[in-house]
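# Results of the structural survey
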There are 2 protein chains.
Amino acid sequence: MGSAVDLGNNNNMGEFKHLVIVKFKEDVVVDDILKGLENLVAEIDAVKSFEWGQDLESQELLRQGFTHVFLMTFDKKDDYAVFQSHPKHQEFSAIFSTVIEKLVLLDFPPTLVKTPPKAAPPEAPPEAPPA
Amino acid sequence: MGSAVDLGNNNNMGEFKHLVIVKFKEDVVVDDILKGLENLVAEIDAVKSFEWGQDLESQELLRQGFTHVFLMTFDKKDDYAVFQSHPKHQEFSAIFSTVIEKLVLLDFPPTLVKTPPKAAPPEAPPEAPPA
C-alpha cells in the first residue's frame, strides 16, 4: 500500500456528517417528507445544519434511481449520537422507512480540501476596551 | 399530490453541488486517488470547494459497500458545466473509472434548511478613514 498522503488535514475541527441518498416509492408526497425533515432538524439542537437536494441533472445510469440527497452536519460525533438516539428522530425514521424504495447512508468526519474563499474567517475585530 | 410546502427556499443563491459516493476496487491505493482529486480541484477554479469523507461508522447494511463520499460545490450550475468539460477533469475521470467497483452520482442545487449559526455573515468592520 502507498504511504499516507498529506491531504491538508483540515478535519473541520471534529465536524461530523450524516449523508443519506434515497429513492422514494411511487405515490409518496415528497414535500410532506421534506416538511417532516425540516421540523425534525429544527427541533433537535444537535443538528448544526441541514441541506438537501433533488437531482434533476445527472444521467440515470449514474444516479441509479436515487433522486434525493440529505446532508446533516454536526459539530462533533457526539452530537450525531444525540441525534441518532433522539426520540423524535426515531419516530421520524419509522415513518421514513415506509416511504423509501432504497437508500444509502454514509456517516463520516469530513475533510475539507479546497476551502471556499468566502469561508476564510474574518479578522477578529479589536476587543472593546474595558469600560 | 400534496401542495408545495415552503421549505425556506434558501437555494444558496444558485449554488450547485456534485456528489459522488463510491466503493473502490480492492488493492486500490485510495490515498493516490485522493491526491489526484486534490490536485484536480486545485487546478480548476470553477470548483468553489471540495470535501470528502470515509465512512467508518454506519452499518454495512445501510452503506451497502460504499465507503467514500466526495462533494464539490460550485457557485452556479454553469461552473459545474465548466468543470465537467475541463480536459483535466476528463483525464481524471478516465483514471477514476478504472479504480471504482461502483458509484452513485447526484448533481443538485442544494436547499439549506437549517443554517449553521456560525454561517451568519459578520458585521462588516468599519471602513478605515481615508488617510
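Up top you'll find the structure we're talking about.
Below or above, wherever it landed, is the structure these notes cover.

Calculation rules
- Residues numbered from 1 in each chain as written.
- Chains lettered and ligands numbered in written order.
- Predicted model: local features only at pLDDT ≥ 70, side-chain atom pairs only at ≥ 80, totals over all residues.
- Heavy atoms only, no water.
- Pairing = 2+ DSSP bridges.
- Helix = DSSP H or I, 4+ residues; strand = E, 2+ residues; numbered from the N terminus.
- Axes fitted to C-alpha atoms, helices over the stretch in contact; angles between N-to-C directions.
- Contact = heavy atoms within 4.5 Å.
- Buried < 20%, exposed > 50% of the residue type's maximum accessible area, 1.4 Å probe, protein only.
- Polar contact = N/O pair within 3.5 Å; in protein donor to acceptor, adjacent residues only side chain to side chain.
- Parallel < 35°, antiparallel > 145°, perpendicular 65-115°, else oblique.
- Left-handed = near helix turned anticlockwise from the far one by under 90°.
- Nonpolar A, V, L, I, M, F, W, Y, C, P; charged D, E, K, R; others polar.

The antiparallel open sheet is built from 5 strands, whose spatial order is β4(A)-β1(A)-β3(A)-β2(A)-β5(B). Of all strands in the sheet, those with a lone pairing partner are β4 (100-108) of chain A together with β5 (111-114) of chain B, marking the two edges. Going across the sheet, the axis of each strand differs from the next one's by a mean of 20 degrees, ignoring polarity. As defined by bridge partners, strand β2 (residues 49-54) of chain A adjoins β5 of chain B across 3 bridges and the pair is classed as antiparallel. Within the sheet, the bridge partner assigned to Glu51 of chain A lies in β5 of chain B and is Leu112 of chain B. The strands touched by helix α4 (residues 87-99) of chain A within the sheet are β1 (16-24), β3 (68-74) and β4 of chain A, with β4 of chain A carrying the most contacts at an inclination of about 130 degrees.

With that settled, consider the environment of Glu60 of chain B. Residues and elements named next belong to chain B. For Glu60, the location among the structural elements is in helix α2 (residues 60-63). Since its relative accessible area comes to 46%, Glu60 is described here as partly exposed. Separated by 45 residues in sequence, Glu60 and Glu15 have C-alpha atoms that sit 32 Å apart. Within the local environment of Glu60, its side chain forms a polar contact with the side chain of Arg63, the two groups lying 3.2 Å apart.

This part takes up the sheet that holds strand β5 (residues 111-114) of chain A. Across the sheet, 5 strands lie side by side as β5(A)-β2(B)-β3(B)-β1(B)-β4(B); this open sheet has antiparallel pairing. Since the sheet does not close on itself, it has two edges, and those belong to β5 of chain A together with β4 (100-108) of chain B, each with one partner. Averaged over all adjacent pairs, the angle separating strand axes in this sheet is 20 degrees, with direction ignored. Sheet topology note: the strand β2 (residues 49-54) of chain B/strand β3 (residues 68-74) of chain B ladder contains 6 bridges and is antiparallel.

On to the packing of helix α1 (residues 30-43) of chain B against helix α4 (residues 87-99) of chain B. Residues and elements named next belong to chain B. The N-to-C vectors of α1 and α4 enclose an angle of 165 degrees; their axes lie 11 Å apart at closest approach. Considering their axes alone, α1 and α4 lie roughly antiparallel with respect to each other. Relative to α4, the crossing made by α1 is left-handed. Of the residues in α4, those in contact with Ile33, Gly36, Leu37, Leu40 and Glu43 of α1 are Lys88, His89, Phe92, Phe96 and Val99. In terms of residue class, the contact of α1 with α4 is built from 6 nonpolar, 2 polar and 2 charged.

With that settled, consider the packing of helix α3 (residues 77-85) of chain A against α4 of chain A. All names here are of chain A. Following both chains from N to C, one finds α3 and α4 inclined at 60 degrees, their axes separated by 5 Å at the closest point. By the angle between their directions, the pair α3 and α4 is classed as oblique. Of α4, the residues touching α3 (which contributes Phe83, Gln84 and Ser85) are Pro87, His89 and Gln90. The residue makeup of the contact of α3 with α4, split by class, is 2 nonpolar, 4 polar and no charged.

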